[in-house]
Amino acid sequence: MGTGTSTGQPTIVSIAERAGVSIASVSRVLNGVGARRDTVLKVERAAAELGYVPNAVARSLKGGRTRQLTFAMPDIGNPVYVAMVRAIQTVAKAAGYRLLLHSTDAVVDDELAVLRSLGDRTSDGLIICPIRITDAHIEALRTAAGPVVVIGSLPDGVPVDSVRADSVAGAALAVRHLHDTGRRRIAFVNGPADTVPGRNRDEGYRAALADCGLVYDPELVVHTDFGIESGAEAADRLLAEGRPDAVFCANDQLALGAARALHARGLRIPEDVAVAGMDDSMLAQAGWPPLTSVDLGSTERGRRAAELLLHRLDTAEPVADSATPRSTTAPPRLVVRASTGRAAPDS
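Residues numbered from 1 in each chain as written. Predicted model: local features only at pLDDT ≥ 70, side-chain atom pairs only at ≥ 80, totals over all residues. Heavy atoms only, no water.

J.: Give a detailed account of the sheet that holds strand β7 (residues 221-223), specifying residues and quantitative values.
T.: Taken together, the six strands give an open sheet; going across it, the order is β7-β6-β8-β9-β10-β12, and neighbouring strands pair in mixed fashion. The strands lining the two open edges of the sheet, one partner per strand, are β7 and β12 (333-335). Averaged over all adjacent pairs, the angle separating strand axes in this sheet is 15 degrees, with direction ignored. Judged from the three bridges that link them, strand β6 (residues 186-190) and β7 form a sheet pairing that is parallel. Opposite asparagine 190, over in β7, you have histidine 223 as the bridge partner. The strands that helix α10 (residues 228-240) touches are β6 and β7; relative to β7, the one it contacts most, it runs at about 150 degrees. (Pairing = 2+ DSSP bridges. Helix = DSSP H or I, 4+ residues; strand = E, 2+ residues; numbered from the N terminus. Axes fitted to C-alpha atoms, helices over the stretch in contact; angles between N-to-C directions. Contact = heavy atoms within 4.5 Å.)

Right under this line is the structure:
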């Protein structure tokens, strides 16, 4: 059987074949990330039999560590991820790690490449925020060569630590608040329907309408991209088809765009149309009037993700070898500001 490259040098592939374990397991052992004792022994024995010589740079790193972590996010310009970066960096720096940043633009292939790059040992671990979870994501997460923490929701059974936002409950908080202020035609500007945030926010919106005794009207719902310009265009579409008395937006960027479109038409906020967003980012107080928004705990999620990742690195315990992955949820909180006004007296 083949034992290496065309030059006769053994590789992690040939070591995995000889040891009868996965390539990811070989990478963990050789890079000092951690694995079960029997796996370590198999890999070390196979490496010795094949004459594997560790990379000189890797040998020079204390404990095989780079002392670097990577944070991969969909949009480095989104204030939500800026808040996460600050929180992650605070935790990482206190533990003696540097933080590398990567903006994926929510491109699946880019996210998969970042996951696979853990095998290159440019960093010791990864925090990633995918807004879509495909079968390819799940496979890449299962076989990652180092510890990964996902900020977002994962299907059951994926052996990866995660920190979630309760977008369903958060969206419901916003809709119920708008109903309490006397609004009855509550429009919804959402992100793409095929994303995890888009699905969860839609679920919360529909559930809250039902709880308030309101009928779901598809003409009051627009799916678009998560951005300010998209929010303005969506509001224009809603106003052209019949004016709502409130617009709930799936993030603050969309809400700012919607508010801009309302102002351009001479409509008052909140007297004519109330506006609410999600994330309670720094953008929520950047416009006039300041936005009511649902705080999904961006800073808290970043902090928890960093702590989970450092725990895996400190214990050298791969998730696959533990009983269950660790998962935590940051609870939502409604922050009421002038863009929605106060609750109606008889609500």
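Now that the structure has been shown, the text picks up again.
J.: Report on helix α5 (residues 79-94), specifying residues and quantitative values.
T.: Between the first and last C-alpha of α5 there are 23 Å, a value that for 16 residues agrees with the 22 Å anticipated at 1.5 Å per step. Where α5 is buried, its residues contact β1 (68-73), β2 (98-103), β3 (125-128), β4 (148-151), α11 (252-264) and α12 (298-315). Just downstream of α5, glycine 96 is the residue with a positive phi angle, here 85 degrees. (Expected span 1.5 Å × (residues − 1).)

J.: If you had to explain the sheet that holds β1 to someone new, which residues and values would you point to?
T.: Paired through backbone hydrogen bonds, the strands of a sheet run either parallel or antiparallel to each other. Here six strands make up an open sheet; going across it, the order is β2-β1-β3-β4-β5-β11 and the pairing parallel. Each edge of the sheet is formed by a strand with only one pairing partner; in this case those strands are β2 and β11 (327-330). Here the average twist between neighbouring strands, direction ignored, is 15 degrees. Alignment of β1 against β2, held across six bridges, turns out to be parallel. Within β2, the position partnered with alanine 72 by the bridge is histidine 102. Here α5 sits on the sheet in contact with β1, β2, β3 and β4, set at roughly 170 degrees to β1. Docked against the sheet, helix α6 (residues 108-116) engages β1, β2, β3 and β4, running at close to 160 degrees with respect to β3.

J.: Provide a residue-level description of the side chain of arginine 312, including the pertinent values.
T.: Here arginine 312 lies in helix α12. Of the polar contacts made by the side chain of arginine 312, one reaches the side chain of aspartate 161; its length is 2.7 Å. (Polar contact = N/O pair within 3.5 Å; in protein donor to acceptor, adjacent residues only side chain to side chain.)

J.: Describe the pattern of salt bridges, listing the residues and the values that go with them.
T.: The full count for this structure, using the stated rule, is 14 salt bridges. In this structure, aspartate 161 engages arginine 312 in a salt bridge whose closest nitrogen and oxygen atoms are separated by 2.7 Å. Of this pair, aspartate 161 sits in strand β5 (residues 161-165) while arginine 312 sits in helix α12; the two residues are 151 residues apart in sequence, bridging distant segments of the chain. The class of arginine 312 is buried, set by a relative accessible area of 3%. For aspartate 272, the salt bridge goes to arginine 268, with nearest N and O atoms at 3.2 Å. Taking relative accessible area as the criterion, aspartate 272 reaches 17% and is therefore assigned buried. By relative accessible area, which is 48% here, arginine 268 ends up partly exposed. (Salt bridge = Lys/Arg side-chain N within 4 Å of Asp/Glu carboxyl O. Buried < 20%, exposed > 50% of the residue type's maximum accessible area, 1.4 Å probe, protein only.)

J.: Mind laying out the packing of aromatic side chains, listing which residues take part and the relevant values?
T.: For the structure on display, the rule yields three aromatic pairs. Ring centres of phenylalanine 188 and tyrosine 205 lie 4.6 Å apart, and the angle between their planes is 25 degrees; on these two criteria the pair is classed as stacked. Residue phenylalanine 188 is located in strand β6, and its partner tyrosine 205 is located in helix α9 (residues 196-211); the two are separated by 17 residues in the primary sequence. Tyrosine 205 matches phenylalanine 188 in its accessibility class, with the two residues each being buried. Seen from their ring centres, phenylalanine 188 and phenylalanine 248 are 5.1 Å apart, and the 5 degrees between their planes marks the pair as stacked. Of the two residues, phenylalanine 188 sits in strand β6 while phenylalanine 248 sits in strand β8 (residues 246-249), which places them 60 residues apart along the sequence. Through a chain of ring-to-ring contacts, the aromatic side chains of Phe188, Tyr205, Tyr216 and Phe248 assemble into a single cluster. Positioned over the ring face of tyrosine 216 is arginine 206, at 3.8 Å from the centre of the ring. (Phe/Tyr/Trp six-rings, centres within 6.5 Å; stacked < 30°, edge-to-face > 60°. Lys NZ or Arg CZ within 6 Å of the ring centre and 35° of its normal.)

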